[in-house]
Amino acid sequence: MTTYVLRRLLQAVPLLLGITVVSFAILKAIPGGPMAAYEGNPNITDEDIRRLEHALGLDQPVHIQYLSWLTAFLTGDWGYSYSSHRAVLTEIMERFPKTVYLMGTVYVVTLLVAIPIGILTAVRQYSWFDHIVTGTTFAFLSTPTFWLGLLLIIVFGLQLRLLPLGGMATLGTDFDLLDRVRHLILPVATLSLVGIGRYVRFLRASMLETLTQDYLRTARAKGLGERIVVARHALKNASIPLVTVAALDLPELFVGALVTEQIFGWPGMGRLYWDAATRSDYPVIMGFLAVAASLIILANLAADVFYAYLDPRIRYA
Amino acid sequence: MATLRSSQLLAQAVALPATAYRERGQWRMAFERFLEHRLAVAGIVVLALLALLSAFAPLVSPYNPEKTNLLLIFESPSPSHPMGTDSLGRDLATRILYGGRVSLSVGVLAIAVAITLGTLIGGIAGFYGRWIDAVLMRVVDMMLSFPRLFLLILFGVFFKGMTLGVIVIVLGLLSWMPTSRLVRATFLSLKNRDFVEAARSIGARNRDIIARHILPNSLAPIIVAATLGVAGAIITESTLSFLGLGIQPPTPSWGNMLKDATSEMNQAPWTAIFPGLFIFLAVVSINFIGDGLRDALDPRHVTKRI
Amino acid sequence: MKRFSIVLASIALVVAACTPTPGGTPASGTPAASEGPTRGGTLIFAMWQEPTTLAPPYLNQTIAGLVSQVAVEGLTRTDTDGKYQPVLAKSVPDINNGGVKLSADGKKMDVTYELLSAVTWSDGHAFTSADVKFTWENRMKDPKVVNRAGYDQIESIDTPNDTNVVMHFKSVYAPYPTLFGALLAKHVAEKEADLSKSDYNQRPLGTGPFKFTEFVAGDHITAERNPNYRDKTKPYLDKIIFKSVPASEVAIAQLKAGEVQGMWNILESQTPDLEKESAIKLVITPSPSVERVEINTAANKDMTDPTSVHPVLGDIAMRKALVWATPKQQLVDKLLFGKAKPGSSGYSQGWAKYTGPPQDSYDPKKANDELDKAGWVKGADGIRSKGGVRASLTITSTTGNKTREQVEQVLSDEYKQIGVELKIQNQPSSVFLSGSWSAGDPRKRGTFDLDMYATSPDIDPHTHIFTRFHSSQIPSAANNGLGNNYTRLRSPDVDKAIDEGGATLDLEKRKAAYNNAVKGINDAYVIIWLYERASIDAFRTNVGGWQGNVWDNITWNSGDWYLKK
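Here the structure is a predicted model, which means the values were calculated and not measured.

Draft legend 1. Expanded view of the overall build of chain B. Looking only at helices and strands, chain B has 13 helices and zero strands in total. Beginning at the N terminus, the succession of helices and strands in chain B can be written as α-α-α-α-α-α-α-α-α-α-α-α-α. Counting every position in chain B, which comprises 306 residues, the buried fraction comes to 62%. Across chain B, the fraction of contacts at a sequence separation of at least 24, relative to all contacts at a separation of at least 6, is 72%. Of the accessible surface of chain B, which amounts to about 12,100 Å², a share of 66% is contributed by carbon and sulfur atoms.

Below you can see the structure in the form of C-alpha cells.
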C-alpha cells in the first residue's frame, strides 16, 4: 500500500507540472491582460503602461515568465497580486478558512441528511416514501445552483425577510453564534439541496445492489432481523462508492462553490478566483489553479486508498 | 459545481458493469424495461415537446425573439404574452422557445463532441494498451485534475464570450474524459474474451473487431453516460451564461436570459422564473431518461422488492 | 471605471472645517434646521466592486478612491462646480494670489503651498511639508505607481519650513492643483522597502475624519473615527463599514432590507424599483461621463492604416444615417428611465462644457432618404448595399453590461429599419477597454466598425480631447499604437481648434476653441454621443448630511454624515 501511495504521489509531479504549463499557456494566450484595469484613467499615459508592464515582468518572453514563476513557486514564493500587490499566499490563506467553513458545513449537512434518506429509500424501495423522496432529490439535482440560490434569496430574504441576504456575519457586531448560523442557512441550503440528491442516488443504488447479494440472503436465512442485516452488512458494503464520491468531492471544500459564493457574497476562494480571472491577475490565478489541481489529485488518491481499505477484494500492488 | 460534476460521477458509476449485449433480443428487453420506467417515459415526452416547440418556434410564436419594443417593457403575463415581456419589450415565451434551440443544442452537441472524442481516445488506449494507453491515461488524469468551471471561466474570457460553436467545442473538450475511461475499461475487459479471440482467429482486422465486436458492447454505458452528460452540459452552459461568459445577446439562451433577470427580479419576477423553470424541466426530463436507460440497459440495477 | 476622472480629480479630499455650499443642483441629505446632526453610530455602506488597494500611489479604481478618501486627504480638492478648494493647504495658489510664479521666459513655474498648521496624521504624528515632498519622491521612484502624469513636470521640491512647500515645475502645467490630491505619511511609508507590498497598501494613514482599522478582502473595510481629526466636532459617525457585495442587485436587496444604509453606483435601470421604496433616497448627481458610439472611418483591419477608408463607414452619408437612426431620447426614457440626458458632446460639465447646437436628433426617414440618395440600395433581405459592399456592421462593447447590451439590441433593431445590419460582438473589458496595443484592444488596433463605451474628461479637457480627436493621435503600427483617436478622424479644422485650446491660458478662449472642436467632430459624423450619465447613489432615509458632487465621489463629505435618531 505504501509503495502504491508513493508511486501515485510521484506520478502527480509531472501531472502538476503539465497543469501549470497548460494553465500558463492559456492565460498568456488570452487577449487583453492586467493592464486593462488602467484604461479609463485619463491620467495614465502609454509610458505609464510600459513602466508598469516592466515592473510586473510582463515585457519578458512567455517562457521566461513561466520559468521565473515556476522557480519562485517551488521555493514558496507564489508572487504578488497585480492589483492588490499582496502576496498570493496571503490572499489565498485569507480566503481558505472561510471557504472551508462554508463548504465544510455543506458537506456535513449533505451527508447527515443524505445517508439516512439513501438507506430508507433503498430499504423501502417503491414505497410512497421512496417515490416522494427520490422525486424531490431528483428535482433538486436538476436545478441550476444559481437559480436555486436566487429563488431562496427572493423568498426567504426579500419576501419573508427571515434570513440575511448574504455575507458571513452582520457587520459591526460582535461574534454571535446565532447570527453566524443565520448567515449560513441560505448558502448551505442551496448547495446541500443540490448535493443531497446526488448522494442519495448513489447510496440508494448501491444499497439496492448489496441487499440482494447472496451473503445477505444467508444472513437473513440465519434468522437475523432485517434491521441488523441492513445496519451490519448492507450498509458497510454499500458505503464503498459513497466514500469514494465523498472523497472526490473534498477538493470542493477548498476550491469553493464559485457561483454560490458569488450570489451570497461569501468572501471565499471562489470569489477570489473570479475577481482574479476578470482582472487577469495571473499570479493569483496560477496559485489558485496549482492549489486546486493538487487537491484534486490528492482527493483521487484518497478515494482509491479508501476504496481499497473498505473493499477487501481490491489490492494495490 | 456539485451539479456540474454529478453527471460525470454518475457516468462513472454506471460504467462499472460493462454488460455485454450480444443479441438483438437484449435490446428489445431493454426497451421494454425502459417503458416500464414511467418517469423516464414522461421525460421523453416532455423533452420531445420542448425540442419540437423550439425547433418550430417560428410557427408556434407570432413574435420575433430579437425584436425590441420599448413601449412594451416588463408587461406581466397576459393572453398575448403568456410569459410576459422582458426588459426590452420582447415576448418572453418566444425567447424561451428560441433559447431552447441554443440551450438544448449546446447540451446535445457538446456531449456528441465529448462522446466521439472519449470513445476514440478510450478505444485507442484500451485496444492498443502499452505506452499508448499510459500516455493517454496521463492526459486523462491531467484533464480531470483541472477544476472544470475554473477552466471554463478562463476559456470564456479567452474567447471573448462564447458563440454556440465555441461553447460546444470547449464543453466537449472538457467533458470527454469519463467516457474515455469507460470505453477503455470495456475494451480491456472484452478484448481477451472468447468472441473477440474467435473473431481474431478467423483473421478479422483490428478495425473490424473494434467496430463489430467491441464497440457495440460498450454502447450501453456510453448511452447512459451521454444522456446524463447532456443534462450536465445544459446546466454548465446556463451557469457560464449566468456569469456573462456564455452565449452572447441578442441570441437568447436560457442561461443568458436568467443573467439579465437577476437585476429585474423585483420588477419582473417572471423573467427570472420562466427561463429557470425551462432549464429545470429539460434537465429533470433528461435525468429521468438517463435513469430509465440505466435501469433498462443494466439489469443489475433493477431489483426486486424486498 | 466609467466615472474615473471624478476620482482622480479628487482622490483625496474630504471635508474642510467649513463645508462649502456648492451651487445648487446636486441632491443633499441636509435636514430641516430643527433636526440637527447627531453624533455616534455605525453606517454600513455597500460597494459592489472591491477595492484592491487604498494607498494613493497604486489606486486605480473608482471604488477605491471612494473608500480611500474618508481617511486620506490631499492639498486640494474639486468642488461640485469644478472649482479647486484647499484642504490641507491654507489656500489654492494661483497667479493672482502670488502662489504661482512664472519664470522670466514664461516656460517654467514655481508653485508655493502654505499648509495648515497643527494638522496631525491619525496616529498623532505631525503632518508637515516633508510629507508632501515624500509623496512626490515616491511617485517618481516607485516603479509600481499607477501614473506620474503631472508629477513628472516637477523638477524639484523645496521645503523651507514645516508649513511651506515650493514646487519647481519644468513647464507651465495648468492642472497643477489636481496633483497631490492624496498624500503619503512619510514617517510610516519611508520605512517600507516596497510600499506596495506593505500593510500601508490596504490601510493607508491619513489626516481625514476616519482611519482604517480593518481590511478584510472580499468582505469588508472598516473606517473608524479619527480621534486626532482637526475638527473636533466631526465626524458625526463612529464608524463606516464598507461592505463588499458581489453585485449591484445584491447591494440593492440589502439596502431595501436595511442590512446596509448606503450604496454606491446604481444603474439607471434599477431606479424605478428603488423609487418605490419610501425608506430609500436616491442621490442623483450629474457626472462628466458620456456614453458614446465611435464610428471607425478607417478599414476594419488589424493595425489598420490610418489613411485607409472603411468600405461602409467611409461614406459620410452612411455615418449621418446612423446618427439619425439612433433614438437617443427613447433610449434615455426607456432604458435609462430618464436618469440621463441625450448626449451632444463628450464635454457636459465644467467650464469647458459644450454649449453649441445639439447633435442631430432621431429621424429614421431622413436616414433612409439619405442612404437612398447616396446609392445604397436595399436587397431582398432588406439590407442595403452599394457597389457590391453590403451594409453589414458589427458593434463592440463590454460583455456583461446589461444597459449596453440593451442599447446594442435596440440599435441593431433600429438600424435594420434603415437597411443596415448590425451584429453584436462584445468583448470583456479586459480586452476591449485595455487601451493597450499589445493586448489587442480592438479600438487601438482598428478591428471594429462601431464601438460603445463611456469615458469622462478631466475638469481640464485638453488631454482628453487632444488624444481622442487630434489627427496626430491615431494609433497605428507606425507610432506603436500611441493615441486614442479611435474614429481615425482626420480633420484639419478640428486639429486647429484643439491646438488653439491648448495654446492659451485664457479660459474663455479655450472654451470657445473646444466648442469649435466639438462642432467639427459632430459635423464629421464620426461619433454618436448617446447619453450623458449621472452618478446615482442611495441612502436609507435615516442617514443625513450627505451631498452629491459632480466631480467627486459621494464620500467626499463623509465627516458630515450622520444617522438620524
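Read on for the rest.
Draft legend 2. Representation of the overall build of chain C within the structure. Regarding its fold elements, chain C presents 15 helices and 22 strands. Along the first, second and third principal axes, the C-alpha set of chain C runs to 75 × 60 × 40 Å. Looking at the 565 residues of chain C, the share that counts as buried comes to 63%. Residue pairs in contact within chain C that sit at least 24 positions apart in sequence constitute 70% of those at least 6 positions apart.

Draft legend 3. Looking closely at the nonpolar core. In terms of nonpolar packing, the biggest core is built from 174 residues, with A:Leu258, A:Tyr273, B:Ile153, C:Leu322, C:Tyr415, C:Val420 and C:Leu450 touching the most fellow members. Considering every element that reaches this core, the biggest residue donor is helix 5 (residues 92-128) of chain B, with 13 residues. Non-local contacts of C:Val420, meaning those with residues more than four positions away in its chain, are made with C:Met318, C:Leu322, C:Leu371, C:Ile383, C:Ala391, C:Leu393 and C:Tyr415.

Draft legend 4. Spotlight on the sheet that holds strand 5 (residues 109-114) of chain C. All names here are of chain C. Taken in spatial order, the four strands make up an open sheet running 4-5-7-6, and their pairing is antiparallel. Of all strands in the sheet, those with a lone pairing partner are strand 4 (100-102) and strand 6 (154-161), marking the two edges. The mean angle between the axes of side-by-side strands here comes to 15°, regardless of whether they run parallel or antiparallel. Bridge analysis of strand 4 against strand 5 gives three bridges, and the strand direction is antiparallel.

Draft legend 5. Representation of the interface of chain B and chain C within the structure. Contacts between chain B and chain C engage 22 residues on the former and 23 residues on the latter. With both chains or domains summed, chain B and chain C bury close to 2,000 Å², and 54% of this area falls on carbon and sulfur atoms. Summed over the shared surface of chain B and chain C, the number is one salt bridge. C:Glu405 is the salt-bridge partner of B:Lys259, the closest N and O atoms lying 3.9 Å from each other. Between the two partners, chain B and chain C, sit one residue pair in polar contact (both at pLDDT 80 or more).

Draft legend 6. Looking closely at the side chain of C:Glu50. With respect to the helices and strands, C:Glu50 occurs in the loop between strand 1 (42-47) and helix 2 (62-68). Discounting chain neighbours no more than four positions away, the residues touching C:Glu50 are A:Arg95, A:Asp275, A:Arg279, C:Gln61, C:Ile63, C:Val216, C:Ala217, C:Gly218, C:Asp219 and C:Ser244.

Draft legend 7. How the structure looks around the sheet that holds strand 15 (residues 384-386) of chain C. Residues and elements named next belong to chain C. Pairing is antiparallel across the open sheet formed by three strands, whose spatial order is 14-15-16. The open sheet terminates on both sides in strands that have one partner only, identified here as strand 14 (377-378) and strand 16 (389-390). Here strand 14 pairs with strand 15 via two bridges, running antiparallel. Within the sheet, the bridge partner assigned to Lys378 lies in strand 15 and is Arg384.

Draft legend 8. Highlighting the packing of helix 1 (residues 2-29) of chain A against helix 6 (residues 130-145) of chain B. Where helix 1 of chain A contacts helix 6 of chain B, the two axes come as close as 10 Å, and the packing angle between them is 60°. When the interaxial angle is binned, helix 1 of chain A and helix 6 of chain B end up oblique. Crossing handedness for the pair helix 1 of chain A and helix 6 of chain B: right-handed. In contact with A:Leu15, A:Gly18, A:Ile19 and A:Val22 of helix 1 of chain A, helix 6 of chain B contributes B:Arg138, B:Asp141, B:Met142 and B:Ser145. Its residues assigned to classes, the contact of helix 1 of chain A with helix 6 of chain B comprises four nonpolar, two polar and two charged.

Draft legend 9. Spotlight on helix 5 (residues 248-257) of chain C. Residue and element names in this part refer to chain C. When you tally the buried positions in helix 5, you get eight out of 10 residues, the bulk of the element. Among all positions in helix 5, only Ser248, Val250, Ala251, Ile252, Ala253, Gln254, Leu255 and Lys256 are buried. After helix 5 finishes, the residue Gly258 shows a positive phi value of roughly 80°.

Draft legend 10. The arrangement of the interface of chain A and chain B in detail. Taken together, the contact pairs 54 residues of chain A with 52 residues of chain B. In total, chain A and chain B occlude about 5,100 Å² of area from one another, counting both sides; carbon and sulfur atoms represent 74% of this. Taken together, the links from chain A to chain B amount to one salt bridge. For A:Arg201, the salt bridge is made with B:Asp291, and the minimal N-O distance between the two is 3.0 Å. Taken together, chain A and chain B are joined by three residue pairs in polar contact (both at pLDDT 80 or more). For the side of chain A that touches chain B, the secondary-structure elements that each account for two or more residues are helix 1, helix 5 (128-141), helix 6 (145-159), helix 7 (177-211), helix 9 (226-255), helix 10 (258-264), helix 11 (269-279) and helix 12 (282-310) of chain A.

Draft legend 11. Looking closely at unusual backbone geometry. Cis geometry marks the peptide bond from C:Lys234 to C:Pro235, where omega comes out at -10°. You can see C:Pro235 is positioned in the loop between strand 9 (220-225) and strand 10 (239-244).

Draft legend 12. Highlighting the confidence of the model for chain B. Residue and element names in this part refer to chain B. With 86% of its residues at a pLDDT of 70 or more, chain B shows a mean pLDDT of 78. Of all helices and strands in chain B, the one with the weakest mean pLDDT is helix 1 (residues 2-15) (41), whereas helix 3 (residues 38-55) scores best (90). Between residues 301-306, whose pLDDT stays under 50, and residues either more than four places distant or in other chains, the model counts 15 contacts.

Draft legend 13. Seen up close, the packing of aromatic side chains. Residue and element names in this part refer to chain B. The full count for this structure, using the stated rule, is 24 aromatic pairs over all chains. Both rings, one in Trp254 and one in Phe278, keep their centres 6.1 Å apart while their planes meet at 45°; by these two values the pair is tilted. Taken together, the residues Trp254 in helix 12 (residues 254-261) and Phe278 in helix 13 (residues 269-297) connect sequence positions 24 residues apart. According to the relative accessible area criterion, Trp254 is buried, its value standing at 1%.

Draft legend 14. View of the confidence of the model for chain C. Residue and element names in this part refer to chain C. The share of residues in chain C with pLDDT of 70 or more is 92%, and the mean pLDDT across the chain is 86. Considering each helix and strand of chain C separately, the mean pLDDT is smallest for helix 1 (residues 4-8), with a value of 35, and largest for helix 7 (residues 316-324), with 96. Overall, residues 1-25 carries pLDDT values under 50, and its contacts beyond four positions in sequence, including any with other chains, amount to 106 contacts.

Draft legend 15. Quick peek at the pairing of strand 18 (residues 421-424) of chain C. All names here are of chain C. In strand 18, alternate side chains face the same way, and those of Leu422 and Ile424 are buried while those of Glu421 and Lys423 on the opposite face are not. One ladder, built from four bridges, connects strand 17 (residues 392-396) with strand 18; its direction is parallel. When the bridges of strand 18 are listed, Ile395 appears paired with Ile424.

Draft legend 16. Representation of the side chain of B:Ser175 within the structure. All names here are of chain B. With respect to the secondary-structure elements, Ser175 resides in the loop between helix 8 (164-173) and helix 9 (177-190). With relative accessibility at 15%, the residue Ser175 sits in the buried group. Here the side chain of Ser175 touches Leu171 through a polar contact of 2.4 Å, landing on its backbone oxygen. Not counting chain neighbours up to four residues away, the residues in contact with Ser175 comprise Ala114 and Arg148.

Draft legend 17. Structural view of the pattern of salt bridges. All names here are of chain C. Under the counting rule described, the total for this entry stands at 40 salt bridges over all chains. For the salt bridge of Asp194 with Lys197, the shortest nitrogen-to-oxygen distance reads 3.8 Å. Classification of Asp194 by relative accessible area gives partly exposed; the value is 25%. Connected through shared salt-bridge partners, Glu268, Glu291, Arg404 and Arg533 make up one network.

Draft legend 18. Representation of the environment of A:Gly197 in the model. All names here are of chain A. When you line up the elements, Gly197 lands in helix 7. Residues Gly197 and Arg7, spaced 190 residues apart in sequence, show a C-alpha to C-alpha distance of 35 Å. Contacts of Gly197, omitting those with residues within four sequence positions, involve Thr137 and Leu141.

Draft legend 19. Fine view of helix 8 (residues 328-335) of chain C. Residues and elements named next belong to chain C. Among all positions in helix 8, only Lys328, Leu331, Val332 and Leu335 are buried. Taken around the axis of helix 8, the buried residues stretch over an arc of 110°, which confines them to a single face. Next to the buried residues of helix 8 lie strand 13 (341-342), helix 10 (402-417) and strand 20 (527-540). Backbone geometry just downstream of helix 8 places Phe337 in the positive-phi region, at approximately 50°.

Thresholds applied
- The numbers attached to residues start from 1 for each chain and follow its sequence in the written order.
- Chains carry letters and ligands carry numbers; both start at the beginning, A for chains and 1 for ligands, and go up in the order they are written.
- Totals for whole chains, interfaces and linings use all residues, but because this is a predicted model, local features are given only for residues with pLDDT of at least 70 and pairs of side-chain atoms are given and counted only at 80 or more.
- No hydrogens and no water enter the side-chain calculation; it runs on all heavy atoms of the structure.
- Secondary structure elements are taken from DSSP: a helix is a run of H or I of four residues or more, a strand is a run of E of two residues or more, and numbering for both begins at the N terminus.
- Note on exposure labels: buried denotes an accessible area under 20% of the residue type's maximum, exposed denotes more than 50%, and partly exposed covers the range between, all computed with a 1.4 Å probe on protein chains only.
- What makes two residues a contact is simply this: any of their non-hydrogen atoms within 4.5 Å.
- Here the open area of atoms and residues is found with the Shrake-Rupley method and a 1.4 Å probe, where only the protein chains shown may cover a residue.
- In this text, buried Ala, Val, Leu, Ile, Met, Phe, Trp, Tyr and Cys residues form a nonpolar core when linked through side-chain atoms within 4.5 Å.
- For two strands to be treated as a pair, DSSP must find at least two bridges joining them.
- Note on geometry: axes are C-alpha line fits, over the in-contact stretch for helices, and angles between N-to-C directions span 0 to 180 degrees.
- Accessible area that two parts lose when put together, evaluated with a 1.4 Å probe and summed over both, is termed the buried area.
- The term salt bridge refers to a side-chain nitrogen of Lys or Arg lying within 4 Å of a carboxyl oxygen of Asp or Glu.
- Whenever a nitrogen or oxygen atom comes within 3.5 Å of another N or O atom, the pair is scored as a polar contact, on the condition that within protein one atom can donate a hydrogen and the other can accept it, and that pairs from neighbouring residues in sequence are kept only if both atoms are in side chains.
- We call two directions roughly parallel when the angle between them is under 35 degrees, roughly antiparallel when it is over 145, roughly perpendicular when it lies between 65 and 115, and oblique otherwise.
- Crossing handedness is defined as follows: a turn of the near helix away from the far one that is anticlockwise and smaller than a right angle gives a left-handed crossing, while the clockwise case is right-handed.
- Three classes are used, and their members are as follows: Ala, Val, Leu, Ile, Met, Phe, Trp, Tyr, Cys and Pro are nonpolar, Asp, Glu, Lys and Arg are charged, and the others, Gly among them, are polar.
- A score from 0 to 100, pLDDT tells how confident the predictor is in each residue.
- The criterion for an aromatic pair is that two Phe, Tyr or Trp rings (for Trp, the six-membered ring) have centres within 6.5 Å, with stacked assigned to planes under 30 degrees apart, edge-to-face to planes over 60 apart and tilted to the rest.
- The arc in question is the one spanned by the directions pointing from the helix axis to the C-beta atoms.

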